[in-house]
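# Coordinates in review
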Amino acid sequence: MACSCMACNHVHETHNHDEHHHDSLWDKHDIIRFSVAAVFFIAGIVLKIASEPFKITVQFSGASYSIALSSLLFVGSWLAAGLEVIQTLLKTIGKGSIFDENFLMTFATLGAFILGEWSEGAAVMLFYNLGELLQAAAVQQSRRSITNLMDLRPEFVRLYRNPADSESEHGDAHDCCGHEDDEHIHSHEHIHAEMCECGHEHGEHHHSHSENCECGHEHSHEHHHEHEECDCEHEHEHTHNHAEECCCEHHHEGDDPDIVAPEDVPIGTLILVKPGEKVPLDGILVEGACSFDTSSMTGESVPRFIEAGGTVLAGFVNTDGLAVIKTTVAAENTAAAKMLQLVEHAQDRKAKTERLISSFARVYTPIVTIGAVVLALLPPLVLSAVHGSPLSWNAFVPWISRGLVFLVISCPCAFVISVPLGYFGGLGGAAKKGILIKGADFIDSLAKTDSVVFDKTGTLTAGVLTVQHILPAEQFSTEELLELAYIAEYHSGHPIAVAIKGAIQGRLGKEKTAVFEKEAAELRQYTEKAGSGVKMLRNGQELAAGSALFIFGDAEKQPVSIAQIEGTKVFLSYGGRYAGCIICSDSIKPQSAQAIRELRGAGVGYLEMLTGDTKRTGEKIAAELQLDRCSSELLPHEKVARFEAISDERKKGNARAVCVFVGDGINDAPALARADVGIAMGGIGSDAAIEAADVVLMTDNPQLIPQAIKSARFTRQIVKQNIVMSFVVKIAFLAGGALGIIGLWAAVFADVGVALLAVCNSLRARR
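Definitions and cut-offs
Residues numbered from 1 in each chain as written. Predicted model: local features only at pLDDT ≥ 70, side-chain atom pairs only at ≥ 80, totals over all residues. Heavy atoms only, no water. Salt bridge = Lys/Arg side-chain N within 4 Å of Asp/Glu carboxyl O. Helix = DSSP H or I, 4+ residues; strand = E, 2+ residues; numbered from the N terminus. Buried < 20%, exposed > 50% of the residue type's maximum accessible area, 1.4 Å probe, protein only. 1 Å grid on protein atoms, 1.4 Å probe; cavity = no way out; pocket = protein on both sides within 12 Å on 5 of 7 lines; lining within 4 Å. Points joined across faces, edges and corners; volume = space filled by probe spheres on them. Nonpolar A, V, L, I, M, F, W, Y, C, P; charged D, E, K, R; others polar. Pairing = 2+ DSSP bridges. Axes fitted to C-alpha atoms, helices over the stretch in contact; angles between N-to-C directions. Expected span 1.5 Å × (residues − 1). Arc of directions from axis to C-beta. Contact = heavy atoms within 4.5 Å. Phe/Tyr/Trp six-rings, centres within 6.5 Å; stacked < 30°, edge-to-face > 60°. Lys NZ or Arg CZ within 6 Å of the ring centre and 35° of its normal. pLDDT = per-residue confidence, 0-100. Core = buried A, V, L, I, M, F, W, Y, C linked by side-chain atoms within 4.5 Å.

Following the criterion strictly, the structure yields 15 salt bridges and no others. Between Lys512 and Glu479 there is a salt bridge, with its nearest N and O atoms 2.4 Å apart. Of the two residues, Lys512 is situated in helix H14 (residues 510-521) and Glu479 in helix H12 (residues 478-489); the sequence distance between them amounts to 33 residues. Assessed through its relative accessible area of 34%, Lys512 is described here as partly exposed. Across the pair Lys620 and Glu624 runs a salt bridge, and its minimum N-O distance is 2.9 Å. With Lys620 and Glu624 both in helix H18 (residues 615-625) and 4 residues apart, the pair spans about one turn of that helix. Given a relative accessible area of 45%, Lys620 falls into the partly exposed group. You can call Glu624 partly exposed: its relative accessible area is 46%. Look at the salt bridges and you will find they share partners, linking Asp30, Arg33 and Glu84 into a network.

Structural data, given as structure tokens:
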């Protein structure tokens, strides 16, 4: 909060108020309406029980009409509780849509009033309103697991400024006032003995003024007030600190960095994240070694310790230490932003069951409305014709009452609310575990998973390759082979290339590899064939690195001594001569074996691994994990062809069988897009994987795959329970209402009660 001091023309910041945001389950206006309705209803009941003498008499057209005060209170309760229902009904009628739950409730309760059942008509609307409130609370509770993710959106970014740089910038003497900056730290604090423009001596109080000295810099003069008022009519008992910029463009607020909006931060900016603050943008940790709470992004509860050079993502919370981060993406492209987009879009995709229920409700409501009218009119007419008795109002009253009960019971709230809420709960429950499902329709598909096909590297294996063997050919030295390998792999971002470059840099040093980098940057005719290798011209000669098939034209033509060694092999040739081989190896993730066992336990019938690696390496990993089969030495398009063959084979026996593909990178995008359900493994780092996949796992833990399938099946089970329960109870109560066994009070339970039971059951999907 700030006030403008007119006399001294500066702003005094008195204090800051913490803003408290109350995440209420209910809208306060709904609570007020329900409370008023409840008070009117209770007052009406009291007067009715007391056989109140209070009646209001109205004269109309020469006739006298009397109405009990309790009846007026019931009408008031009905209006307060049903205001939103009536407003919604009028809006839907204006749009050409009449038959919905608002129509049923309004006309059923109006009919009760016509029959003189004032208390029952008010009770139906009151308890319907209570049910809507409880349903809204249940929906809000279910949403929290997803809406809490919206906290991932950064509110501000602290720009980091190196204190050493600041000191060097301000270390010069200022001739204007004859003081060096070690005498006054660029705030140019001067204590003056004369009167300031607000009329107080500087010995009595201390104001903060911004003035320009001869050096052209603004000087911040602080003046203290001792319980005296300046012309701005504020008492000052404390120092007012002003953050203003002078003409030298330096921020005069100590060493605190500037606060800016995330969207204004360019890539490559250094930002500061203090303990307890959320990381606003993805980047590389350049200073500090901190623990980060990653649960909002990955679902992992154990803090992750990250050292300088490690990657941090927007949404991580710094739990200790000061973290200086160099941003690597813009605000709209952070992993958190992509995650939020997935969650928001997931709510727009309806499952087939949801669409069916919505269509059913549109047909069901007019049918039961016509049924209620027939029930109210046809029996009296038939009975009158059979017995030959004259028709009268009294003959219609009991049947109209049954028709109104029929209307109330038939309200399709339980179907319309609980089914989508079940799916929504499933999406939220999965999100809490770090499993982002892009839509309710994929929950249905996941629940019917029959087979799972895996990529190898980064999915079942750690994907972190390390160089194990460096084997130069006879005509080349080890250093020559390393030089050729570094230059060849310099432009590639493939995990194998990254591993090779890292190993060479560690062995030869940064100074030497910097020379290689300069040469690699100037190379021409560079081409890369995905999954095979790279080629380029160096000093007029062709330099190539890749698989045996890529280098020799035949996978079997590799040297016999090398063929016996396990691992991923990168062969090199220069000027048409074989230069040597570098062998890297990967390791199976510790969770992979357990994930496979859980998938078997969940009834998944077929598991296969696809890899571009050698047959020997692939079969060794497949045997360790006890997979059904491994297909090796596949290019990206060959992975798609093999996956299609697996899917066709599995669907011969069961046309509804769902075949899932799990991958982690850009090379897997075609297969992810082709699959019935594509799962991106640790996909927060791959735009192509996120775009192509239907499910995104926020960590690289393969155990999330069986968890996703189990969660989908549990959600489907809950939705089926809701549908069966709603149908059975509705049919039983409709029959009872038609036979006159059930009254309006019981009808309220059939409508609101069943809907609430279904909603409570749906909340179980959030587990």
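Back to the text.
With the rule as written, the count across this model stands at 2 cavities of 30 Å³ or more. Reported here for the second largest cavity is a volume of approximately 40 Å³. Residue lining of the second largest cavity: Phe156, Val157, Arg158, Ile271, Leu272, Val273, Glu277, Lys278 and Pro280, and that is the complete set. Going through the elements one at a time, strand E5 (157-159) and strand E11 (270-273) are the ones with two or more residues in the lining of the second largest cavity. In terms of residue count, the dominant contributor to the lining of the second largest cavity is E11 (3 residues). Taken together, the residues that form the lining of the second largest cavity break down as 6 nonpolar, no polar and 3 charged.

Turning our eyes to something else, we now look at the sheet that holds strand E30 (residues 695-697). Strands sit in the order E18-E30-E29-E28-E19-E26-E27 across an open sheet of 7 strands; the sheet is mixed. Each having just a single partner strand, strand E18 (435-437) and strand E27 (629-631) make up the two edges of the open sheet. Averaged over all pairs of adjacent strands, the angle between their axes in this sheet comes to 20 degrees, without regard to strand direction. In this structure, strand E26 (residues 606-610) lies alongside E27, joined through 3 bridges in parallel fashion. Paired with Met609 across the two strands is Cys630, which belongs to E27.

When the terminal C-alpha atoms of helix H19 (residues 636-653) are compared, their 27 Å separation across 18 residues agrees well with the 26 Å that a helix rising 1.5 Å per residue should span. Those residues of H19 not exposed but buried are Pro636, Lys639, Val640, Arg642, Phe643, Ile646 and Ser647. Viewed along the axis of H19, the buried residues span an arc of 165 degrees, placing them on a single side of the element. Facing away from the buried surface of H19 by more than 90 degrees, the exposed residues are His637 and Lys652. Elements in contact with the buried residues of H19: strand E19 (449-455), E26, E27, strand E28 (658-663) and helix H20 (669-674).

Counted by the stated rule, this structure contains 9 aromatic pairs. Between Tyr486 and Phe516, the ring centres sit 6.1 Å apart and the planes meet at 55 degrees, which makes this aromatic pair tilted. Here Phe516 lies in helix H14 and Tyr486 lies in helix H12, a separation of 30 residues in the sequence. Considered together, Tyr486 and Phe516 belong to a single accessibility category, that of buried residues. Joined through ring pairs, the aromatic side chains of Trp78, Phe113 and Trp118 make up one cluster. The ring of Trp399 has Arg402 lying over it, and the distance from NZ or CZ to the ring centre is 4.1 Å. The side chain of Lys535 reaches across the aromatic face of Phe550, ending 5.2 Å from its centre.

For any part of a model where pLDDT is low, the fine detail of the predicted coordinates should not be relied upon. For the chain, the mean per-residue pLDDT works out to 75, and 71% of the residues sit at or above 70. Per-residue pLDDT stays below 50 along residues 166-256; that stretch engages in 168 contacts with residues further than four places along the chain or on separate chains.

All right, on to the sheet that holds strand E20 (residues 466-472) then. In spatial order, the strands read E20-E25-E24-E23-E22-E21; together these 6 strands make up an open sheet with antiparallel pairing. The open sheet has two free edges, formed respectively by E20 and strand E21 (524-529), since each of these has just one partner strand. The average angle at which neighbouring strand axes cross in this sheet is 15 degrees, direction not considered. Relative to strand E23 (residues 541-546), strand E22 (residues 533-538) is paired through 6 bridges, and the arrangement is antiparallel. Across the sheet, residue Gly533 finds its bridge partner in E23, namely Gly546.

Here we come to the nonpolar core. Ranked by size, the top nonpolar core spans 39 residues in total, and within it Ile437, Leu446, Val452, Phe454, Leu627 and Ile679 carry the most contacts. Per-element accounting of this core gives the leading share, 7 residues, to helix H22 (residues 704-738). With sequence-adjacent residues up to four places away left out, Ile679 is seen in contact with Leu446, Val660, Phe661, Val662, Gly663, Leu672, Ala693, Val695, Leu697 and Ile705. One finds Leu89, Leu104, Phe113 and Val124 within the second-largest nonpolar core, a separate group that totals 36 residues.

Turning our attention to the pairing of strand E24 (residues 568-574). Most of E24 is tucked away, with 7 of its 7 residues classed as buried. A two-sided burial pattern is seen for E24, the buried positions comprising Thr568, Val570, Leu572 and Tyr574 on one face and Lys569, Phe571 and Ser573 on the other. Of the pairings in the sheet, the one linking E23 to E24 comprises 4 bridges and is antiparallel in character. Looking across to E24, one finds that Ala544 is bridged to Ser573. Examined bridge by bridge, E24 and strand E25 (residues 577-585) share 7 bridges and lie antiparallel to one another. Bridging from a neighbouring strand, Leu572 pairs with Gly580 of E25. Between the end of E24 and the start of E25, which pair antiparallel, lie 2 residues, with Gly575 showing a positive phi angle near 65 degrees.

We now examine unusual backbone geometry. At Asn539, a position not held by glycine, the phi torsion is positive, near 55 degrees. On the secondary structure map, Asn539 appears in the loop between E22 and E23. Unlike most non-glycine residues, Gln626 shows phi in positive territory, near 60 degrees. In this fold, Gln626 is placed in the loop between H18 and E27.

Over its 12 residues, H12 runs 16 Å from end to end, which matches the ideal 16 Å to within 8%, given 1.5 Å per residue. Of all the residues in H12, the buried ones are Leu481, Leu482, Leu484, Ala485, Tyr486, Ile487, Ala488 and Glu489.

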